[in-house]
Amino acid sequence: MGGVGAPLRPAARTLNQRRGISSWLARWFPKTPAKSVVALKTPIKVELVAGKTYRWCVCGRSKQQPFCDGSHFFQRTGLSPLKFKAQETRVVALCTCKATQKPPYCDGTHRSERVQKADVGSPL
Ligand code: FES
């Protein structure tokens, strides 16, 4: 028992599994989230449908602005989209600069010098 080719003892196997899981978690879910980047400098008008749930891009890396396309996960940002349900059917302006104080809606912050001087694709 315990010779070459013998299976790992349960305690050793559990430890190896924990190390594997924790390194995987650290890689895909970093403790310090990345900063959001400026996707665009103007809002996008969309018609929201009452009762429908949407996922607004928080990280700014989605190619489907203003909505999430999973880039936050695949680029390992540690950020998550903002999920919200439309209360009524109406056209709204959704933020793409990611600096709004009223996410997911545009509040005009994109007109600020801070946003206008920033490069698209870079954090504020
Ligand atoms: S697009 Fe972000 S505040 Fe208007």
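None of these values were measured; they are calculated from a predicted model. Residue indices follow the written sequence of each chain, beginning from 1 at its first position. The predicted origin of the model limits local features to residues at a pLDDT of at least 70 and limits the giving and counting of side-chain atom pairs to 80 or more, whereas totals for whole chains, interfaces and linings rest on all residues. The basis for the side-chain values is all heavy atoms of the structure; hydrogens and waters are excluded.

Caption draft 1: Main features of the packing of aromatic side chains. To pair, rings of Phe, Tyr and Trp, with the six-membered ring standing in for Trp, must have centres within 6.5 Å; the planes then decide the type, stacked if under 30 degrees apart, edge-to-face if over 60, and tilted in the middle. Evaluation of the coordinates by the stated rule reveals four aromatic pairs. Measuring from centroid to centroid gives 6.2 Å for Phe-84 and Tyr-105, while their planes differ by 65°, and the two rings are edge-to-face. With Phe-84 in strand S3 (residues 82–85) and Tyr-105 in the loop between strand S4 (90–94) and helix H3 (113–117), the pair connects residues that are 21 residues apart, well separated along the chain. Numbering of helices and strands runs from the N terminus; a helix is a DSSP stretch of H or I covering at least four residues, while a strand is a stretch of E covering at least two.

Caption draft 2: Molecular detail of the environment of Ser-112. Looking at the secondary structure, you find Ser-112 in the loop between S4 and H3. Along the backbone, Ser-112 and Lys-41 are 71 residues apart, and their C-alpha atoms lie at a distance of 9.9 Å. Two N or O atoms count as a polar contact when they lie within 3.5 Å, although within protein this holds only if one can serve as hydrogen donor and the other as acceptor, and sequence-adjacent residues are included solely when both atoms are side-chain atoms. Within the structure, Ser-112 has its side chain in polar contact with the backbone oxygen of Thr-109 (distance 2.8 Å).

Caption draft 3: Seen up close, the UniProt feature "domain: Iron-binding zinc finger CDGSH type" (unreviewed entry) in the protein. The UniProt feature table records "domain: Iron-binding zinc finger CDGSH type" (unreviewed entry) at residues 41–75 and 79–116. In this annotation, residues 41–75 is assigned 11% helix and 26% strand; the end-to-end C-alpha distance for the span is 22 Å. Within the segment residues 79–116, helix and strand shares are 11% and 24% respectively, and the terminal C-alpha atoms sit 23 Å apart. UniProt positions are given in the numbering used here, feature names are shortened, and annotations may be inferred rather than shown by experiment.

Caption draft 4: Local environment of the side chain of Lys-98. When you line up the elements, Lys-98 lands in the loop between S4 and H3. Buried means the residue's accessible area, taken with a 1.4 Å probe over protein chains only, is under 20% of the maximum for its type, while exposed means over 50%, and partly exposed covers the values in between. Asp and Glu are treated as the negative residues and Lys and Arg as the positive ones, with His and the ends of the chain left uncounted. Should a side-chain nitrogen of Lys or Arg be within 4 Å of a carboxyl oxygen of Asp or Glu, the pair is scored as a salt bridge. Of the side chains bearing the opposite charge, Asp-69 lies closest to the buried Lys-98, which forms no salt bridge; the N-O distance is 10 Å. A polar contact of 2.6 Å, which involves the side chain of Lys-98, links it to the backbone oxygen of Cys-57. In this structure the side chain of Lys-98 is engaged in a polar contact, spanning 3.5 Å, whose partner is the backbone oxygen of Cys-95. Among residues more than four places away in sequence, those in contact with Lys-98 are Ser-36, Val-37, Ala-39, Trp-56, Cys-57, Val-58, Gly-60, Gln-65 and Pro-66. Working rule for contacts: check all heavy atoms of both residues, and any pair within 4.5 Å makes them a contact.

Caption draft 5: Structural context of the state of the cysteines. Criterion for a disulfide: a pair of cysteine sulfur atoms at a distance within 2.5 Å. Evaluated as defined, the whole model comprises zero disulfides. Cys-57 provides the cysteine sulfur closest to Cys-68, a residue in no disulfide bond, and the two sulfurs are 6.4 Å apart.

Caption draft 6: Representation of the pattern of salt bridges. Within this structure, the stated rule accounts for two salt bridges. A salt bridge links Glu-88 to Arg-90, with the nearest nitrogen and oxygen atoms 3.7 Å apart. Residue classification places Arg-90 among the partly exposed positions, given a relative accessible area of 40%. A salt bridge links Glu-113 to Lys-117; the nearest nitrogen and oxygen atoms lie 3.0 Å apart. Taken together, the positions of Glu-113 and Lys-117, both in helix H3 and four residues apart, correspond to about one turn of that helix. With respect to class, Glu-113 is no different from Lys-117; both count as exposed.

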